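# Coordinate inspection notes
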Amino acid sequence: MILYFFTVRGYIKYISTTNSCKMINSIVSSTVADMKKSAAPFATPLPISQILTAKKETIERISFTPNLFMLFPSKFRFVEMFGDAVANPKKWPVKKLKDLSVQINSGNTPKGGSENYVKEGIAFFRSQNVWKNRLEMEDIAYIDAKTHANMKRSSLKHGDILMTKTGRINTENSSLGRAALYLGEDDMANVNGHVYFIRLKPGVSNMFVLRILVSPEYVDLIRGVCVGGIDKRQLNKEHIEDFPIICPPTDMVNEYVKFVCQVDKSKLLSLIKLLEQLITYLYNVFIIYRQDKGEEVERHE
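Let me begin by describing the structure that accompanies this report.

## Considering helix H8 (residues 216-225)
- Those residues of H8 not exposed but buried are Tyr218, Leu221 and Ile222. The arc that holds every buried residue of H8, seen down its axis, measures 100°, which confines them to one face. When the buried face of H8 is taken as reference, the exposed residues oriented beyond 90 degrees from it are Pro216, Asp220 and Gly224.
- Where H8 is buried, its residues meet strand E7 (161-164), helix H7 (206-213) and strand E14 (244-246).

Structure representation (structure tokens):
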């Protein structure tokens, strides 16, 4: 039913399962594409893209609004509180990442490679799934329980930090050294040989350490220590173990983490409000189009 896509709860559920909300700035175009698919059962397909083009001013206003989400106030708050995490102008105590961690290791690529992948099973993260501060699930692979058991050394725990081991550095979205949090259940995911997992000691904030690892200053540090060719490089385990991590007082770290959580909650509420406005607009355009065709359309709240 096409009306399923025009209910806020239904559409939010839909985009969460398809991961089409991963790039907020493309939400308008992805929504249009989904509407085209949903309209397929009708005898006359809905040329919604043409209607949206005619409403250019409105769409530009809607599509511009999500750019506000790209400001990331947590970054500015971090610099305000702690300064440059590498240069350390505030002279915080510094420890090596290995001294803050229980385990730092990469996974393995099972013998036979992709032949081991199954349609459902244990999530298997590869470098293309690990982006800066987010895990991309659209292209996730799965392995069966037996393969997972044979790779139990790299079985993930909730809160592990994942970091890409290899990649190109001379690109805008460099694939080397990208890091994100794994927030799934214990032992329900694994990583291949191109991804490290960093398991911190109890009491060490993974959100704080992650913010350091994805900072612009750390991008430069990673480029300086990685090894390899002109473009394709690699981070060795020793590089990651020796990463310098500033260690401000715990109460300051907790204050920062609390701020980040509040910002994330605010972003989510704003995104939901934006989706409500966008869906209402698209639904009204749909109604107007059907009425212009001389068809009776039942309105739904």
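## What to know about the nonpolar core
- Of all hydrophobic cores here, the largest spans 36 residues; its most connected members are Leu97, Ile161, Leu213 and Phe243.
- Listed by contribution, the elements that provide at least two residues to this core are helix H5 (73-82), E7, strand E9 (179-181), strand E11 (195-200), H7, H8, E14 and helix H10 (250-292).
- At five residues, H7 tops the list of elements feeding residues into this core.
- Counting 13 residues, the second-largest nonpolar core is a separate cluster that includes Leu156, Ala180, Tyr182 and Phe197.

## Structural notes on the side chain of Arg178
- Position of Arg178 relative to the elements: it lies in the loop between strand E8 (166-168) and E9.
- Notably, Arg178 is buried but unbridged: the nearest opposite-charge side chain belongs to Glu136, and the N-O separation is 9.4 Å.
- At a separation of 2.8 Å, a polar atom in the side chain of Arg178 contacts the main-chain carbonyl oxygen of Val130.

## Remarks on the side chain of His148
- Of note, His148 is situated in helix H6 (residues 145-150).
- Polar side-chain contacts of His148 include one of 3.5 Å to the side chain of Ser155.
- Those residues in contact with His148 that sit more than four places away from it in its chain are Ile122, Ile143, Ser155, Asp187, Ala189 and Asn190.

## Re the environment of Arg199
- Mapped onto the elements of the fold, Arg199 is located in strand E11.
- Residue classification places Arg199 among the buried residues on the basis of a relative accessible area of 15%.
- In sequence terms Arg199 and Lys157 are 42 residues apart; their C-alpha atoms lie 7.9 Å from each other.
- When neighbours within four sequence positions are excluded, Arg199 is seen to be in contact with Ser101, Val102, Gln103, Ser155, Leu156, Lys157 and Asp160.

## Concerning the environment of Glu80
- Turning to its location among the elements, Glu80 is positioned in helix H5.
- For Glu80, the side chain forms a polar contact with the side chain of Arg77, separated by 3.1 Å.

Thresholds, definitions, all that
- Residues numbered from 1 in each chain as written.
- Predicted model: local features only at pLDDT ≥ 70, side-chain atom pairs only at ≥ 80, totals over all residues.
- Heavy atoms only, no water.
- Buried < 20%, exposed > 50% of the residue type's maximum accessible area, 1.4 Å probe, protein only.
- Helix = DSSP H or I, 4+ residues; strand = E, 2+ residues; numbered from the N terminus.
- Arc of directions from axis to C-beta.
- Contact = heavy atoms within 4.5 Å.
- Core = buried A, V, L, I, M, F, W, Y, C linked by side-chain atoms within 4.5 Å.
- Lys, Arg positive; Asp, Glu negative; His and termini not counted.
- Salt bridge = Lys/Arg side-chain N within 4 Å of Asp/Glu carboxyl O.
- Polar contact = N/O pair within 3.5 Å; in protein donor to acceptor, adjacent residues only side chain to side chain.

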